[in-house]
Amino acid sequence: MEQTFFFVKPEAVRRGLVGIVIQRFEARGLKLKKLAVKQLDKATVEEHYAHLKDKPFFAELVETITDGPVVMGVLEGVDAIKVVRNIVGATNPLEAAPGTIRGDYGTVLPHNVVHASDGPETAEIEIKRFFG
Ligand code: IDP
Ligand code: MG
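Before going into details, it helps to say that this report is about the structure given with it. Treat the numbers as computed from the prediction; the structure is a model and nothing was measured.

Section: the overall build of the protein chain
Next up, step 1: Looking only at helices and strands, one finds 7 helices and 4 strands in the protein chain.
Next up, step 2: Order of helices (α) and strands (β) in the protein chain, N terminus to C terminus: β-α-α-β-α-α-β-α-α-β-α.
Next up, step 3: Here the protein chain has a C-alpha radius of gyration of 14 Å; the compact-globule value for 132 residues is 14 Å, and the two agree.
Next up, step 4: When the backbone C-alpha atoms are referred to their principal axes, the protein chain occupies close to 35 × 35 × 25 Å.
Next up, step 5: For the protein chain, the residues scored as buried account for 43% of the 132 residues in total.
Next up, step 6: Considering only intrachain contacts with a sequence separation of at least 6, the fraction spanning at least 24 residues in the protein chain is 76%.
Next up, step 7: Total accessible area on the protein chain stands at roughly 6900 Å², and carbon and sulfur atoms take up 53% of it.
Next up, step 8: Measuring between centres, the 17 positive side-chain charges of the protein chain sit 3 Å from its 18 negative side-chain charges.

Rules used throughout
- Residues numbered from 1 in each chain as written.
- Chains lettered and ligands numbered in written order.
- Predicted model: local features only at pLDDT ≥ 70, side-chain atom pairs only at ≥ 80, totals over all residues.
- Heavy atoms only, no water.
- Helix = DSSP H or I, 4+ residues; strand = E, 2+ residues; numbered from the N terminus.
- Rg over C-alpha atoms; globule rule 2.2 N^0.38 Å.
- Buried < 20%, exposed > 50% of the residue type's maximum accessible area, 1.4 Å probe, protein only.
- Contact = heavy atoms within 4.5 Å.
- Areas by Shrake-Rupley, 256 points an atom, 1.4 Å probe, with all protein chains shown as cover.
- Lys, Arg positive; Asp, Glu negative; His and termini not counted.
- Charge placed at Lys NZ, Arg CZ, Asp CG, Glu CD.

Nothing here speaks to function; it is all geometry.
As structure tokens, this is what we get:
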């Protein structure tokens, strides 16, 4: 069993997509181990996206993740990190395959409905960062 971290981004929370996102994970057999609604602060989000700090869209990205509450959680299952990334789909909703969350509900970057950890090291760090 493996654990991974996700959050539904504020724009998608405002659009009422929380239930749909969690439904997709549960339907695939993943178990919710933790779940919380939280307004993230700027410092935490800047740390979370530090690998992108030199990108031209960094400020806008941080703004969109701090302009309302996220719904964040920990999921557990066999190969959970890879399975969740597959359910979530490609980063750019315009390129994400239909049937993926981003391919079905994403609009235009930086909005793409949901964040999910991309590997074992980041999953461990993110679970600690957001759930302590
Ligand atoms: P990921 O979310 O699929 O792991 P990352 O490359 O880690 O993708 O990027 C983190 C987030 O930054 C994306 O989910 C998206 O919200 C935003 N982002 C990535 N690339 C762009 C871009 O070219 N323009 C605007 N926002 C972007
Ligand atoms: Mg990423």
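So that's the structure; there's more coming.
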